[in-house]
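# Fold and contact review
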Amino acid sequence: MSASLAMISCSNSGDGADAEMESYGFAYDLTAPDADYELHDDLDEISGISWYSHNKLACIQDEKGIIYLFDEVTGEITGSYPFARHGDYEDIAIYHDTAWVLKSNGTIYKVTNFAGSGRETFIIPTALSTRNDTEGMAYDIIEKVLLIACKNVPSIDEKEKFDGFRAIYHFGANDNKLEEKPEYLIDTEWFNNSTENTYFKRVSLSLARKLQLAKNNVFNPSGLAIHPLKGDLYVISAFPGKLIVMKRDGSVSHIKTLDKRIFRQPEGISFSSEGDLYISNEGINGRGNILKFKYQP
């Protein structure tokens, strides 16, 4: 897929259209979790999750270089697998027996046979850095790439700042190559509007550069996942609590506000192979948890 931009533009649509955008076709009831798993102290600062297999989720926290396996049937951690020293680890993506772990400075740790006896860790630097603050990552099984979301500065090249946007980059899982331009840009100007709208427009990077919108803190990606059945991108923001659903062409189909009483600090997001949604929350004056929402197409 060539570099593209998901731009959320403003329009004057009415309240009825807003309500339709918020409810029509959305397959999860985010107000009523089907399960709430309280986690062991080791995962108080859970920062990323990824579906593994057989009711198990791979989890990381943002201080220890350890991959944990959580079993939703027993509600317990069934395995822990060190892969690196302490660091600021933000997300994890699993494909078969390979795990990729994302550090906030853009470094990727590729861990082969992560749950087996022949575990190996390969450290892969990228052009992304702490100024980008990389916090979300997902494996795209269709294109065999990793998608990486930046919480802060969207650009690599200072000549192309993309002010007012949040960026998602494209990293080749086989060749370890990071595309220099964002695969998607999310226009944060939309979130400054009190009236939500349904007009979404995909534009080119050249037009995005001309916009140069002011920086703000209204959508800061903290997690990223790809729906296994639909192929849509789900991006969450912990502060403020938001979730957006993006189509492959860059258009946005849903934007949801996450209730703080349910989502204390949403940092991780993943799906089971059947489409059930999992969102993890870092502990705030308590334990971290994982919320499950059943797929209701």
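One can find the structure itself at the top, above this paragraph.
These notes cover the structure that comes with them. Source: prediction; values computed, not measured.

Next up on the list: the overall build of the protein. Along its length, the protein carries two helices and 22 strands. For the protein, the residues scored as buried account for 57% of the 297 residues in total. A sequence separation of at least 24 residues applies to 53% of the contacts in the protein between residues at least 6 apart.

Moving on, we come to the environment of D41. With respect to the helices, strands and loops of the structure, D41 is situated in the loop between β2 (35–38) and β3 (46–51). Of the residues examined, D41 reaches a relative accessible area of 44% and is grouped as partly exposed.

Here we come to the pattern of salt bridges. Pairing is possible between side chains that carry opposite charge, provided their charged atoms lie close to one another. Enumeration over the complete set of coordinates arrives at ten salt bridges. With its nearest N and O atoms 3.8 Å apart, the salt bridge here joins R287 to E38. On the criterion of sequence distance, the pair formed by R287 in the loop between β21 (277–281) and β22 (289–293) and E38 in strand β2 is long-range, its members being 249 residues apart. For D71, the salt bridge identified is with K56, shortest N-O distance 3.5 Å. In this pair, D71 is assigned in strand β5 (residues 66–71) and K56 in strand β4 (residues 56–61), connecting sequence segments 15 residues apart. The exposure class of D71 is buried, given its relative accessible area of 9%. K56 sits in the partly exposed class, given a relative accessible area of 21%.

The subject of this paragraph is the packing of aromatic side chains. In the structure shown here, the tally under the stated rule is 15 aromatic pairs. Centre to centre, the rings of F83 and Y89 are 5.1 Å apart; their planes meet at 65°, and the pair counts as edge-to-face. Residue F83 is classed as buried on the basis of its relative accessible area, which comes to 8%. Classification of Y89 by relative accessible area gives buried; the value is 1%. Between Y234 and F271, the aromatic rings sit 4.9 Å apart at their centres with planes inclined by 80°, giving edge-to-face as the arrangement.

Turning our attention to empty space enclosed by the protein. The final tally for this structure, using the stated rule, is two cavities of 30 Å³ or more. Volume-wise, the second largest cavity comes out at about 30 Å³. Lining the second largest cavity are S155, I156, D157, E160, F162, Y169, E180, K181 and P182.

Another point: the environment of Y95. Turning to its location among the elements, Y95 is positioned in strand β7 (residues 89–95). Setting aside residues no more than four positions away along its own chain, Y95 makes contact with W100, Y139, I141 and K144. Only 3.4 Å separates the side chain of Y95 from the side chain of H96, close enough to count as a polar contact.

There is about 550 Å³ of room inside the largest pocket. Only β3, β7, β11 (134–140), β16 (221–226) and β20 (266–271) provide two or more residues apiece to the lining of the largest pocket. Here the lining of the largest pocket takes four residues from β7, the largest share from any one element. For the lining of the largest pocket, the class distribution of residues is 18 nonpolar, seven polar and one charged. Of the voids in this model, the second largest pocket is the one considered here, and its volume is about 200 Å³.

So, on to the sheet that holds β7. The pairing of strands in a sheet happens through backbone hydrogen bonds and is either parallel or antiparallel. Taken in spatial order, the four strands make up an open sheet running β7-β8-β9-β10, and their pairing is antiparallel. The open sheet has two edge strands, β7 and β10 (120–124), and neither has a second partner. Sheet twist, expressed as the average angle between the axes of neighbouring strands with direction ignored, equals 20°. Where strand β8 (residues 98–103) lies against strand β9 (residues 108–112), four bridges are found, and the strand directions are antiparallel. In the strand pairing of β9, A99 is matched with V111.

Here we take up the pairing of strand β6 (residues 76–82). Here β5 runs beside β6; their pairing, made up of six bridges, is antiparallel. The partner of L69 across the bridge, within β6, is G79. Here β5 folds back onto β6, and the loop between the two strands holds four residues, one of which, G75, carries a positive phi near 75°.

What follows covers the side chain of D62. As for its placement among the helices and strands, D62 is situated in the loop between β4 and β5. K151 is the oppositely charged side chain nearest to the buried, salt-bridge-free D62, at an N-O distance of 8.9 Å. With residues near it in sequence (within four places) discarded, D62 still touches E45, S47, G87, D88, Y89, E90 and E282.

What counts and what doesn't
- Residues numbered from 1 in each chain as written.
- Predicted model: local features only at pLDDT ≥ 70, side-chain atom pairs only at ≥ 80, totals over all residues.
- Heavy atoms only, no water.
- Helix = DSSP H or I, 4+ residues; strand = E, 2+ residues; numbered from the N terminus.
- Buried < 20%, exposed > 50% of the residue type's maximum accessible area, 1.4 Å probe, protein only.
- Contact = heavy atoms within 4.5 Å.
- Salt bridge = Lys/Arg side-chain N within 4 Å of Asp/Glu carboxyl O.
- Phe/Tyr/Trp six-rings, centres within 6.5 Å; stacked < 30°, edge-to-face > 60°.
- 1 Å grid on protein atoms, 1.4 Å probe; cavity = no way out; pocket = protein on both sides within 12 Å on 5 of 7 lines; lining within 4 Å.
- Points joined across faces, edges and corners; volume = space filled by probe spheres on them.
- Polar contact = N/O pair within 3.5 Å; in protein donor to acceptor, adjacent residues only side chain to side chain.
- Nonpolar A, V, L, I, M, F, W, Y, C, P; charged D, E, K, R; others polar.
- Pairing = 2+ DSSP bridges.
- Axes fitted to C-alpha atoms, helices over the stretch in contact; angles between N-to-C directions.
- Lys, Arg positive; Asp, Glu negative; His and termini not counted.

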